[in-house]
Amino acid sequence: MPLALLALAVGAFGIGTTEFVMMGLLPDVADDLHLSIPTAGHLVSAYALGVVIGAPLLAAVTARMSRRTVLIALMALFVVGNALSAFAPGNGSLLAARFLSGLPHGAFFGVGAVVATTMVPPERKARSVSLMFLGLTVANVAGVPAATLMGQHLGWRATFLGVSAIGLAAIASLALLIPHDHTHTPATGLRGELAALRSLPVWLALGTTVAGFGALFAAYSYVTPMLTDSAGFAETNVTLLLALFGVGATAGNLLGGRLADHSLRGTLFGGLASLVVVLLLFPPLMRAEWSAAVAVTLLGMAAFVTGSPLQLMVMEKAAAAPSLASSANQAAFNLANAGGAWIGGLALAAGFGVTSPALAGAALAVLGLGVAGVAQAVDRSRVSSAGKVVATHVPEQPGALHH
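All values derive from a computational prediction rather than experimental measurement. (Residues numbered from 1 in each chain as written. Predicted model: local features only at pLDDT ≥ 70, side-chain atom pairs only at ≥ 80, totals over all residues. Heavy atoms only, no water.)

To continue, consider the pattern of salt bridges. Across all of its chains, the model carries four salt bridges by this definition. Here Arg265 ties to Asp379 by a salt bridge, and the two come within 2.5 Å at their closest N and O atoms. Residue Arg265 is found in helix α12 (residues 264-285), and its partner Asp379 is found in helix α16 (residues 356-392); the two are separated by 114 residues along the sequence. Taking the relative accessible area as the measure of exposure, Arg265 reaches 18% and is therefore buried. (Salt bridge = Lys/Arg side-chain N within 4 Å of Asp/Glu carboxyl O. Helix = DSSP H or I, 4+ residues; strand = E, 2+ residues; numbered from the N terminus. Buried < 20%, exposed > 50% of the residue type's maximum accessible area, 1.4 Å probe, protein only.)

Next comes the structure, spelled out in structure tokens:
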């Protein structure tokens, strides 16, 4: 694997850290800015909104630029957003800074995935994408806990300065390791780029991402009360358990990359089916501390097995605009984050119990399997139709007699 993938992983590590660290810093930010916790929670939503808007938009408007230049520019925007977060004087300016920080997120992963796949042989494409995503999963193991501790001891503003420093290191890595390139995208403009996303297979792949990762976030958004109220863990131990989720996600990400290079769709179906099983087992596993720890680890593993296959599938279905499609998949991931948390919250609000969000997540994973099944049927139908067209238009053999 080329060393350039390390530069992409460093950028992914910074992005993953800033995305998830706000959850741990909410009480500190709320106290400092004299906000309620629900009001401070809008800072999480502002970042996610930036991802959803910025992912397809920035990927589309930069489609004809050198991908190396785009990656460096996106990381520079990331540094600016986090630096502004560190010096934000109030809630309004911090909301704007968090939105700005989220804008380059999806486009970086989208363009980075395309760059990663162009640097390796075809049989290693999924593995190269998984190595880029390794930075994101390792952020949950080390980056987020370390940044949270920094915020608790040095102040939350120090955390965002630290993340900005990671961004600067990523810029240096990208400039040093990513090879110069020239894009070959047709000059079709923004309308032409968006036209590549109109096909049904692309939308089915994006729908699988929303349902599959919505299943994850339906449960993960409420894993802390499950661990404390059901499994009996002290709140001080939750951070360690969330690190176990990151360990599982890292293992699942690497496993999914290897398996997907052998069978892309088989890995996707296997990962979604495993996610259904893990989520259905959540209620009984949350009755004891040891089994709850196992459940959290398995949740990360089962969910992130599907990460690389979904990213590659979207890119393949929109071959005319792979960067835009890949970025749109990151927007779908963040829609899954918001939608999954909302659906899990509905289960809690309905009084079905503290572990009910996991069962809601299992239903979403089943939906993801269904969408993936429809996508496979559509692909087979199109291949069959194409075969019939070829068969009915066999060219006339040379030397054939004419009457």
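At their nearest, the axes of helix α9 (residues 200-220) and α12 sit 11 Å apart, and the two run at 25° to each other. Between α9 and α12, the crossing angle belongs to the class labelled roughly parallel. Where α9 crosses over α12, the two elements pack in a sense that is left-handed. Facing α9, whose interface residues are Thr208, Gly212, Ala215 and Ala219, α12 presents Leu268, Leu272, Leu275 and Leu279. Of the residues in the contact of α9 with α12, the class split is six nonpolar, two polar and no charged. (Axes fitted to C-alpha atoms, helices over the stretch in contact; angles between N-to-C directions. Parallel < 35°, antiparallel > 145°, perpendicular 65-115°, else oblique. Left-handed = near helix turned anticlockwise from the far one by under 90°. Contact = heavy atoms within 4.5 Å. Nonpolar A, V, L, I, M, F, W, Y, C, P; charged D, E, K, R; others polar.)

On the secondary structure map, Glu19 appears in helix α1 (residues 4-33). Each C-alpha atom, one on Glu19 and one on Ala55, is 14 Å from the other, the two residues being 36 residues apart in sequence. Setting aside residues no more than four positions away along its own chain, Glu19 makes contact with Tyr47, Arg98, His105, Leu136, Asn334 and Asn337.

Here we take up the confidence of the model for the protein chain. One rule of thumb: low pLDDT means the predicted coordinates there are not for detailed reading. For the protein chain, the mean per-residue pLDDT works out to 85, and 91% of the residues sit at or above 70. For residues 399-403, every residue scores under 50 in pLDDT, and the model assigns this stretch one contact once sequence neighbours within four places are set aside. (pLDDT = per-residue confidence, 0-100.)

Per the counting criterion, the structure on display carries eight aromatic pairs. Ring geometry for Phe108 and Phe109: centres 6.1 Å apart, planes at 85°, overall edge-to-face. Grouping residues by exposure puts Phe108 and Phe109 together as buried. Ring centres of Phe245 and Phe304 lie 6.4 Å apart, and the angle between their planes is 75°; on these two criteria the pair is classed as edge-to-face. Pair noted here: Phe245 is in helix α11 (residues 238-260) and Phe304 is in helix α13 (residues 289-304), with a separation of 59 residues, a long-range link. (Phe/Tyr/Trp six-rings, centres within 6.5 Å; stacked < 30°, edge-to-face > 60°.)

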